[in-house]
Amino acid sequence: MKTTLMFAPMEGITFARFRELHYSMFPGADEYYTPFIAPDSRGSFRAKYLKELTADSAVPTIPQLLVNNAEAFNLTADKLQDLGFSEINLNAGCPSGTVLSKHKGAGMLADPAGLDRTLESIFDHAARRGYRVSIKTRMGVHSTEEFPAILEVYNRYPLSRLIVHARCRDAFYQGEADLKGFLSAAAGSRCPVVYNGNIFSPEDLQHVQELAPETDAFMLGRGAVSNPAVFRQLRGGEPLRRSELKEFHDR
């Protein structure tokens, strides 16, 4: 079974120059997700985002949108499709308090009915336009036990993939990921599932694979930023060398 490895978006860190250098210096990641693009209600976004998206077309990149309504997603996704992107990712996982207060990111999970209405419009529009929609999600706001109700909503739509950060919003990045909850989510999902959470080494990946042998796609964020060679190691390559870390940093 081929393992797919993805580099998670990290605001202020995994910008275009970072992705370009990482892709060329440390092969191993199959896809890179952009830090979220936050359009206004008319689907307009700052010029810096456009520059980021068109900086290096050689890097396999998937843009991520942070919105709280379908209209903003649809208008922006159309523009991204016109730029050549065939998959658009919806951020339903950012735990920032500012984001949460605007009912974006993980804040969308607090209202499953509202999430359902938003996704209905998004997927109707995507079907007409012909692009794929994936979602990166937390497993709840206050508890991962909220996820079964959220998954019921996701299962109503043809997601290209569901990237599950195996924590609730309130946990931020603290403590252990909820592997038991992820296993339940993977078993109940009608679309392909990607695991995200606390993979920093080949041993961490092996642990998740042993518990979830049917899972073949994994996303790393902090583990890949702290060790840019980790994807190489996950594929059986050598550990990070001090000299290449210095070169990566300086460039």
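Refer to the preceding data block for the structure.
Residues numbered from 1 in each chain as written. Predicted model: local features only at pLDDT ≥ 70, side-chain atom pairs only at ≥ 80, totals over all residues. Heavy atoms only, no water.

Caption draft 1: Quick peek at the pattern of salt bridges. Counted by the stated rule, this structure contains 15 salt bridges. Asp78 serves as the salt-bridge partner of Arg129, at 3.2 Å between the closest nitrogen and oxygen. In this pair, Arg129 sits in helix α5 (residues 112–129) while Asp78 sits in helix α3 (residues 70–82), placing the two residues 51 residues apart along the sequence. Exposure remark for Arg129: the relative accessible area of 32% places this residue in the partly exposed category. Of the charged contacts, one joins Arg241 and Glu238 as a salt bridge, the two residues approaching to 2.0 Å between their closest N and O atoms. Classification of Arg241 as partly exposed rests on a relative accessible area of 38%. If you follow the salt bridges from partner to partner, you end up with Glu31, Glu87, Arg132 and Arg161 in one network. (Salt bridge = Lys/Arg side-chain N within 4 Å of Asp/Glu carboxyl O. Helix = DSSP H or I, 4+ residues; strand = E, 2+ residues; numbered from the N terminus. Buried < 20%, exposed > 50% of the residue type's maximum accessible area, 1.4 Å probe, protein only.)

Caption draft 2: The arrangement of the nonpolar core in detail. Core analysis: the biggest nonpolar cluster contains 65 residues, and Phe73, Leu119, Phe147, Tyr154, Leu162 and Tyr195 have the highest contact counts within it. In this structure Leu162 touches Ile135, Thr137, Phe147, Leu151, Tyr154, Ser189, Cys191, Pro192, Val193 and Val194, once residues within four positions along its chain are discounted. The next biggest cluster of nonpolar side chains, apart from the first, holds eight residues, and it includes Met6, Ile62, Ala217 and Met219. (Core = buried A, V, L, I, M, F, W, Y, C linked by side-chain atoms within 4.5 Å. Contact = heavy atoms within 4.5 Å.)

Caption draft 3: Structural detail: unusual backbone geometry. In this structure, His103 is a non-glycine residue whose phi angle is positive, near 60 degrees. Within the element layout of this structure, His103 appears in the loop between α4 (97–101) and α5. Residue Phe172 is not a glycine yet carries a positive backbone phi of 50 degrees. Here Phe172 falls in the partly exposed class, since its relative accessible area comes to 31%.

Caption draft 4: Main features of the pairing of strand β8 (residues 193–196). Burial along β8 is two-sided: the face carrying Val193 and Tyr195 and the face carrying Val194 and Asn196 are both buried. Sheet analysis places strand β7 (residues 162–165) next to β8, joined by four bridges and oriented parallel. Within β8, the position partnered with Leu162 by the bridge is Val193. Crossover β7 to β8 through helix α7 (residues 179–188) is right-handed. Pairing of β8 with strand β9 (residues 217–220), which is carried by two bridges, proceeds in the parallel orientation. Opposite Asn196, over in β9, you have Met219 as the bridge partner. Read as a crossover between parallel neighbours, the route from β8 over helix α8 (residues 202–211) to β9 is right-handed. (Pairing = 2+ DSSP bridges. Right-handed = clockwise from strand over helix to strand, strands pointing away.)

Caption draft 5: A look at the side chain of Arg232. Mapped onto the secondary structure, Arg232 falls in helix α10 (residues 230–234). Taking the relative accessible area as the measure of exposure, Arg232 reaches 15% and is therefore buried. In contact with Arg232, other than residues within four places in its own chain, are Phe26, Pro27, Gly237, Glu238, Pro239, Leu240, Arg241 and Glu244.

Caption draft 6: How the structure looks around the environment of Arg19. Tracing the sequence through the fold places Arg19 in helix α1 (residues 16–25). Since its relative accessible area comes to 4%, Arg19 is described here as buried. Along the primary structure Arg19 and Thr34 are separated by 15 residues, whereas in three dimensions their C-alpha atoms are 8.9 Å apart. Apart from the residues lying within four places of it in its own chain, the contact partners of Arg19 are Thr14, Tyr32, Thr34, Pro35, Glu52, Val59 and Thr61.

Caption draft 7: Quick look at the packing of aromatic side chains. The full count for this structure, using the stated rule, is nine aromatic pairs. Aromatic side chains Phe182 and Tyr195 sit 4.9 Å apart centroid to centroid with 85 degrees between the ring planes, which places their arrangement in the edge-to-face category. With a gap of 13 residues between them, Phe182 in helix α7 and Tyr195 in strand β8 connect regions that are remote in the sequence. For the pair formed by Phe182 and Tyr195, the shared burial category is buried. Taken together, the aromatic side chains of Phe7, Phe18, Tyr23, Phe26, Tyr32, Phe231 and Phe248 make up a single cluster linked through ring pairs. (Phe/Tyr/Trp six-rings, centres within 6.5 Å; stacked < 30°, edge-to-face > 60°.)

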